[in-house]
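Residue strings, one per chain:
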Amino acid sequence: DQQVKQNSPSLSVQEGRISILNCDYTNSMFDYFLWYKKYPAEGPTFLISISSIKDKNEDGRFTVFLNKSAKHLSLHIVPSQPGDSAVYFCAVSSGGGADGLTFGKGTHLIIQP
Amino acid sequence: DTAVSQTPKYLVTQMGNDKSIKCEQNLGHDTMYWYKQDSKKFLKIMFSYNNKELIINETVPNRFSPKSPDKAHLNLHINSLELGDSAVYFCASSPTGGPEETQYFGPGTRLLVL
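The structure contained in this document is the topic of the report that follows. Here the structure is a predicted model, which means the values were calculated and not measured.

What counts, and where the lines are drawn
Residues numbered from 1 in each chain as written. Chains lettered and ligands numbered in written order. Predicted model: local features only at pLDDT ≥ 70, side-chain atom pairs only at ≥ 80, totals over all residues. Heavy atoms only, no water. Disulfide = S-S within 2.5 Å. Helix = DSSP H or I, 4+ residues; strand = E, 2+ residues; numbered from the N terminus. Buried < 20%, exposed > 50% of the residue type's maximum accessible area, 1.4 Å probe, protein only. Salt bridge = Lys/Arg side-chain N within 4 Å of Asp/Glu carboxyl O. Contact = heavy atoms within 4.5 Å. Buried area = accessible area lost by both parts, 1.4 Å probe. Polar contact = N/O pair within 3.5 Å; in protein donor to acceptor, adjacent residues only side chain to side chain. Phe/Tyr/Trp six-rings, centres within 6.5 Å; stacked < 30°, edge-to-face > 60°. Lys NZ or Arg CZ within 6 Å of the ring centre and 35° of its normal.

## Structural notes on the state of the cysteines
Moving on, step 1. Tallied over the full model, the rule gives two disulfides over all chains.
Moving on, step 2. For A:C23, the disulfide goes to A:C90, at an S-S distance of 2.0 Å. Disulfide A:C23-A:C90: torsion about the S-S bond near -70°, hence left-handed. Note that A:C23 is positioned in strand β3 (residues 19-25) and A:C90 in strand β9 (residues 86-93), a separation of 67 residues in sequence.
Moving on, step 3. Overall, A:C23 belongs to the buried group, its relative accessible area being 0%.
Moving on, step 4. Under the relative-accessibility criterion, A:C90 is labelled buried at 0%.
Moving on, step 5. Two residues share a disulfide in this structure: B:C23 and B:C91, whose sulfurs sit 1.8 Å from each other. Classification of the bridge connecting B:C23 and B:C91 rests on its S-S torsion, roughly -75°, and on that basis the disulfide is left-handed. Taken together, the residues B:C23 in strand β3 (residues 19-25) and B:C91 in strand β9 (residues 87-94) connect sequence positions 68 residues apart. One exposure class covers both B:C23 and B:C91, and it is buried.

So, in C-alpha cells, the structure goes:
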C-alpha cells in the first residue's frame, strides 16, 4: 500500500519550458515533504523541501507547491534545462526524522533539446 | 571529497554467502540510515542508527544486521544471501535525525545474488 504516489513514470519536456512533477500522499499526518533528484548510478541528492505550515517554497528555478487539503504536492522547474534530465523522487517525513523517509516510485524527467 | 561513501560499488555473489557493505560519512552527522531500492525502484528504509543505537527496524529479516563501530560508520552485514536480496542499497546520514532535516545519500551498492 503506497503512502506516496507518483503516478507518472516518465515525463518529456522541451528545453526552456516548464516541467511539472506531481506527487500524492495518503496520510494527513505527514508534515515535511522533500524532492530528491537522482542520476543513473548515483545516490539521490536533495533538491528542495517544504513544511506543512507552508504552501509554497522557491529556490531558483525550482518551486514546490503543497496543497494539504488535496494531499498533493508538485515540483515546478522553469526554465527546464538538459541537466535536469533525471529521476525525481517525492519523499515525506512524519514526525521523527530518524524513522527515515517514505519515497514515491519516482518520475523520469527527460528534457528534449 | 565525498560526504557519504559506500564500498563496494558493485557486489556479485552466490546464494548462501555472507557479505558486508561499508558506509562512511564525513559530515559529522549523528544519524545514519540504510535504504533498499528493489527491482520495482521503490526506495525503502531498512534501518537508522543514532549515536550507535538502533532507532527502527522496518520488518527487515534478521539476516540483515547493521553494525556501527563509530559515529561515522554504519556497515550492513547480510547472512545467507537469497536471490531476493538483489537490489541497490543506499546509505544516508542526517545531522541529528530531526523531522525536518535533509538526508544525504551515498552512491549506492549494487548487489546481485546468483
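That was the structure; now back to the text.
## Description of the pattern of salt bridges
Moving on, step 1. Here the structure, examined in full by the defined rule, presents four salt bridges over all chains.
Moving on, step 2. Here A:D84 and A:R61 are joined by a salt bridge, their closest N and O atoms 2.8 Å apart. Of the two residues, A:D84 is situated in the loop between β8 (72-77) and β9 and A:R61 in the loop between β6 (56-59) and β7 (62-67); the sequence distance between them amounts to 23 residues.
Moving on, step 3. A single salt-bridge network, built from bridges that share partners, covers B:R63, B:E82 and B:D85.

## Description of the interface of chain B and chain A
Moving on, step 1. With 24 residues of chain B at the contact, the number on the chain A side is 23 residues.
Moving on, step 2. Each partner contributes to the roughly 1,900 Å² buried at the junction of chain B and chain A, and carbon and sulfur atoms together form 59% of this total.
Moving on, step 3. Counting across the interface, chain B meets chain A through zero salt bridges.
Moving on, step 4. If you look at where chain B meets chain A, you find four residue pairs in polar contact (both at pLDDT 80 or more).
Moving on, step 5. Only β4 (31-37), β5 (43-50) and β6 (53-57) of chain B provide two or more residues apiece to the side of chain B that touches chain A.

## Some words on the packing of aromatic side chains
Each aromatic ring pair is characterised by the separation of its centres together with the angle its planes make.
Moving on, step 1. Taken as a whole and assessed by the stated rule, the structure comprises eleven aromatic pairs over all chains.
Moving on, step 2. When the centroid spacing of 6.0 Å and the interplanar angle of 75° are considered together, the rings of A:F103 and B:F105 count as edge-to-face. Here A:F103 is found in strand β10 (residues 102-103), whereas its partner B:F105 is found in strand β10 (residues 104-105) on a different chain.
Moving on, step 3. By way of ring pairs, the aromatic residues A:Y36, A:F46, A:F89, A:F103, B:Y33, B:Y35 and B:F105 are connected into one cluster.
Moving on, step 4. Between the NZ or CZ atom of B:K44 and the centre of the ring of B:F42, over which it lies, the distance is 5.7 Å.

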